Every structure is written in C-alpha cells, then in structure tokens.
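Analysis of the macromolecular model
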Amino acid sequence: MTAKILLTGVYLAGLLTPTTAIPQSYDHAELVLFQDIARQRSDWARFLYLKQAVPHLSAAEQILGQQLLSSSESELGLYDQAILGFPLRSEIIPNLPLPTTANWRATDAADAITELSSTHRIVLINEAHHDANTRVLTLALLPRLRALGFNYFAAEALSDKDRELMRRGYPVEQSGTEYLHEPLYGDMVREAIRLGFIIVPYDSDANGKARETEQENNLYQRVFAKDPGARLFVHCGYAHIDKAEGRLGDIKPMAMGLKRLTGFDPLSIDQTQFLEVWADRNDAYHQLIASFHPTNPVILVNRVSGNAWSAAPTLYDVTVVLPLSVSLKSFGLVSEDKHDGDSSHLSRDLMSSRDMHRPNWLTLSGDRSGIAISADLCRKHFPCVLEARYADESNDAIAADRYVFFEPLTDSRLYLRPGRYRLRVMDSNSKVLSEQTIQASK
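This text gives an overview of the structure that appears in the document. Along every chain, residues carry numbers that run from 1 in the direction the sequence is written. Reporting in this predicted model follows two pLDDT cut-offs: at least 70 for local features of residues, and 80 or more for side-chain atom pairs to be given and counted; totals over whole chains, interfaces and linings ignore these cut-offs and use all residues. Hydrogens and waters are ignored; side-chain quantities use all the structure's heavy atoms.

Turning next to the overall build of the protein. Helix and strand definitions here come from DSSP, where helices need a minimum of 4 consecutive H or I residues and strands a minimum of 2 consecutive E residues; each element is numbered from the N-terminal end. Looking only at helices and strands, the protein has 12 helices and 14 strands in total. Buried means the residue's accessible area, taken with a 1.4 Å probe over protein chains only, is under 20% of the maximum for its type, while exposed means over 50%, and partly exposed covers the values in between. Buried residues in the protein amount to 59% of all 442 residues. Put simply, 73% of the contacts in the protein that link residues at least 6 apart link residues at least 24 apart. Just so you have it, the protein exposes about 18000 Å², and 51% of that area is on carbon and sulfur atoms. Only heavy atoms enter the contact rule, under which two residues are in contact if any of them lie within 4.5 Å. Under the convention used here, a 1.4 Å probe and the Shrake-Rupley method define accessible areas, while residue burial counts only the protein chains that appear.

Right, dumping it as structure tokens:
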C-alpha cells in the first residue's frame, strides 16, 4: 500500500454518517472508492472524480460519497456548496432543553474560551471536516492561547512524515491528509508556526478503538512525556474531544484516554452538535440562532451562575454556536425568504449569477480583505480554478485561498491577509492559463 493510500486511510477514518458520530467500517465497494480517490493527481481531479462517481453509488454508499464530495468542495473554496451538499446532523440528545435568553446570554466564544483555558493544561476543540467554518474559532484562539503559555499545537490532519514543516514555516500538500488542503486548515498550521507553537502530528492509520488509543498515546509521548510542563492545544474531528463514552458507542474517545495518561482534565469544546442544515429550518440549531442571533462564534453563559452551557456536560465542557453562514446567492437565488427548506435541488446545481457570494466568515473578523476576481480570468475555459499562494512560498504550499468559476459572466472574491501573492489560474486539466502577482491590502 502506498503512502498516499495510507494518508487517505487517515482522511477517511473519521468519516461520519449524517446522523451519527460512530466511525464506519467499510465494505469492498467503498474501499475501491477510496483507492480510486487516492489515484487522483490533484484536489481538482478528486473533485471531478467524485462529482461523476457519487450519482452512480449504491444507496448505502451515497452518504459516504456525498461527504467526500462536500469535503472536496470545501478544499476548493466552495464553502456554501459543501454545507448544502452534506446536511450533517449529529445524533439528537434526548429531552435536551435548549437555553433561552431569559436565563442565558451569548458571549464571544474566543474571549470566553480564553478565560476558561487559563486554568487548563490541555484544550481540545473539534471540527466537522466538510465545514471550514468550524476552523475559524481555532484561528482566533491561537494567539490568545499562545499568550497564556500554551506551547504545543496538535492538528489531526498533519502527518509525521513532513520533518521540515516547522523549519519551512508553512504546510505543503504532502504535509498531511486532504483536509489540510483546505485553505483555512493550512492557515491554522501556518499561524501556529508563526506564533511559536511546537507543531505535533498525532493521528493514526487505524480505525475505531485502536485509532483513539494511538492518538492519545502519540499526544502523551510527543508532548507530556518529553515536556512535563507543556500546555497543549488540540484541533481534531468530532467526538475525539469527548471525555466519556457515548458518541463513539463503547469506544473510549481520545480525550478520555489523554486525561487518564496525563492526569489533566482537558477543556473540551464542541462545535459539531449544532450545525447549519438547510433541509430543516426548524431544528435545534435554527432555534438557537433565532433566540441569540449570533454574528460570530458564541458560547452561552448562565446569567446567574456564570457557567458556560454544554449540551452534553459529561462529554464536553462547552458548546459553541456558529452564526448562519450559507447564502443562496451562491446558487443564483437572491431571495432567501422564498426558499422552501428543501436544498436537495440546489446542493449540486451551480447556477449562474453575476456576483457569486462567499461566506462572511472568510474575512476572519477583518484580518483578511476581499480581492475582486472575475470569470474573465478563465479565458473562456470552464470550469477553471483560481489559487492564491503567498509569493514567498513554494508551488506545492497550501493555498491561501481558492475559488472555482463554473460559468462566464460571474464575479467573486478571494479573501487574503495583507501581502503579496501569486495568483494562478488553471483549466479543468490543471493546465496553467495564467499567473500573476497580486497585492492584498488591509
């Protein structure tokens, strides 16, 4: 088995169904699908392969295929399409009373979590792999936790095969799994290095119980066994943050084992229990949005006790509520009020619109500015991929931002930190159509 397939095995080990957080076991047809994906030569080629293959999968394989396709869309900067294409629902917590404004107030998640982290040696935050919005809060927390003395940053998507990562200062395509190819994930790693964190790859090729055990052992051996005074920030997927059995069935989650090995009670932060799903505008997530109207990631704090709300306090300490992100302007529909709640006819049907919306969180609260781009750059080759890379980084560096134009007469934006970039435009065969240097200002 090649290294590429091994990496893809890690990439796939944590995939979920839309209604459960229990890792799947894969049948022969699914393993063949994974191997076919591993043979694709680029992120764009993987997207094209999945877009063609998913409609022909069996009913049992459709969910897996849709998740893989949505993750691929996210890696190409098609963030709204990724959310609509895979309506992930965590398993509903029975008899869960949702907080109300009478007893709870919304507060900025980054500020509140920083305060909570001051008394912890380990902080864990999770993500939904297809939803890059679940990476925004980690980027906001990195400088805050570094200022508190946290000195190790562990990211699930990293491989331990890139020994030059910290010396180089930025991740490349071979630094980890396909999740790392999404621009915000690359930005997390890049920023952690810039801030002086020691970067820790820790994931395992195994599945199920063995994966959780290897993850916790890797973190312990690579951090606390070497540096007993370490403070560790971990960005991982889904239920790895849990401190008790439950969402993984009878499998003990990684955080549970890490607590046992270190003797330190982690601060566990969940972002995946309540996610935006357009197919149901009346679910618990939309009820929370209607009550608290967040415009940035928030946590809910009890007005009397001052304690942070957790939807499952035996599993994790804090529940984050992310703001609404998806706009139907991404699909050429200007009026969202007329939407009937059924996104199935939109999720894979990119329609024509002069200005293709991208989510507001891409500004990273003002750290990045929008650079206008046009389908004219494609020189009549559609679809075409636009990639912006830092001017002083290599051609295999993780892109600072990406976008795909599918049709002419459309405009959009790339979101970039201040600096110089190489803007490369490629056709559907990855042939370079043009390359130029651009400047992004504050």
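Attention now goes to the sheet that holds strand β3 (residues 152–155). Spatially, the eight strands line up as an open sheet ordered β1-β7-β8-β6-β2-β5-β3-β4, and their pairing is mixed. Where the open sheet ends on each side, the last strands, each with one partner, are β1 (104–108) and β4 (198–200). On average, adjacent strands in this sheet sit at an angle of 30° to one another, irrespective of strand direction. Axis angles are defined between N-to-C directions and span 0 to 180 degrees, where every axis is a line fitted to C-alpha atoms and, for a helix, only to the segment in contact. The sheet strands contacting helix α7 (residues 136–147) are β2 (122–127), β3, β5 (232–237) and β8 (318–321), and the helix crosses β5 at an angle near 170°. Strand pairing is assigned whenever DSSP identifies at least 2 bridges connecting the two strands.

Here we come to the pattern of salt bridges. Salt bridge, as used here: a side-chain nitrogen of Lys or Arg that lies within 4 Å of a carboxyl oxygen of Asp or Glu. In this structure the tally under the stated criterion is 30 salt bridges. We note a salt bridge from Asp36 to Arg39, for which the minimum N-O separation is 2.5 Å. The network of salt bridges with shared partners includes Asp43, Arg46, Glu75, Glu173, Glu387, Arg389 and Arg402.

Within the open sheet, the four strands sit side by side as β11-β10-β13-β14. Their pairing is antiparallel. Bordering the open sheet on either side are β11 (401–405) and β14 (432–440), each of which pairs with just one other strand. Direction aside, the axes of adjacent strands within the sheet are offset by 20° on average. With five bridges connecting them, strand β10 (residues 384–390) and β11 associate as antiparallel partners. Its bridge partner being in β11, Cys384 is matched across the sheet by Phe405.

The next thing to look at is the environment of Met256. With respect to the element layout, Met256 can be found in helix α11 (residues 254–262). Spatially, the C-alpha atom of Met256 lies 8.6 Å from that of His240, the residues being 16 residues apart in sequence. With near-sequence residues (within four places) excluded, Met256 lies in contact with Asp242, Lys243, Ala244 and Glu245.

Attention now goes to the state of the cysteines. Any cysteine sulfur atom paired with another within 2.5 Å is treated as part of a disulfide. The tally for this structure, following the rule as stated, stands at one disulfide. Here Cys378 engages in a disulfide with Cys384; their sulfurs sit 1.8 Å apart. Measuring handedness by torsion sign, the sulfur bridge of Cys378 and Cys384 sits at about -40° and is left-handed. Summarising the burial analysis for this pair, Cys378 and Cys384 share the class buried.

Turning our attention to unusual backbone geometry. Here the amide bond leading from Phe382 into Pro383 is cis, since omega sits at -5°, within 30 degrees of zero. Positionally, Pro383 belongs in the loop between β9 (369–374) and β10. With a phi angle near 50°, Leu364 is a residue other than glycine that sits in the positive phi range. Locating Leu364 in the fold gives a position in the loop between β8 and β9. On the basis of relative accessibility, which here comes to 8%, the residue Leu364 falls in the buried class.

The next thing to look at is the side chain of Asn126. Along the polypeptide, Asn126 turns up in strand β2. Here Asn126 falls in the buried class, since its relative accessible area comes to 0%. Two N or O atoms count as a polar contact when they lie within 3.5 Å, although within protein this holds only if one can serve as hydrogen donor and the other as acceptor, and sequence-adjacent residues are included solely when both atoms are side-chain atoms. There is a polar contact of 3.3 Å between the side chain of Asn126 and the side chain of Thr272. Excluding anything up to four places from it in sequence, Asn126 contacts Thr134, Cys236, Gly237, Tyr238, Ile241, Arg247, Ile269, Asp270, Gln271 and Thr272.

Note that Glu191 resides in helix α9 (residues 183–195). When neighbours within four sequence positions are excluded, Glu191 is seen to be in contact with Leu139, Leu142 and Arg417.

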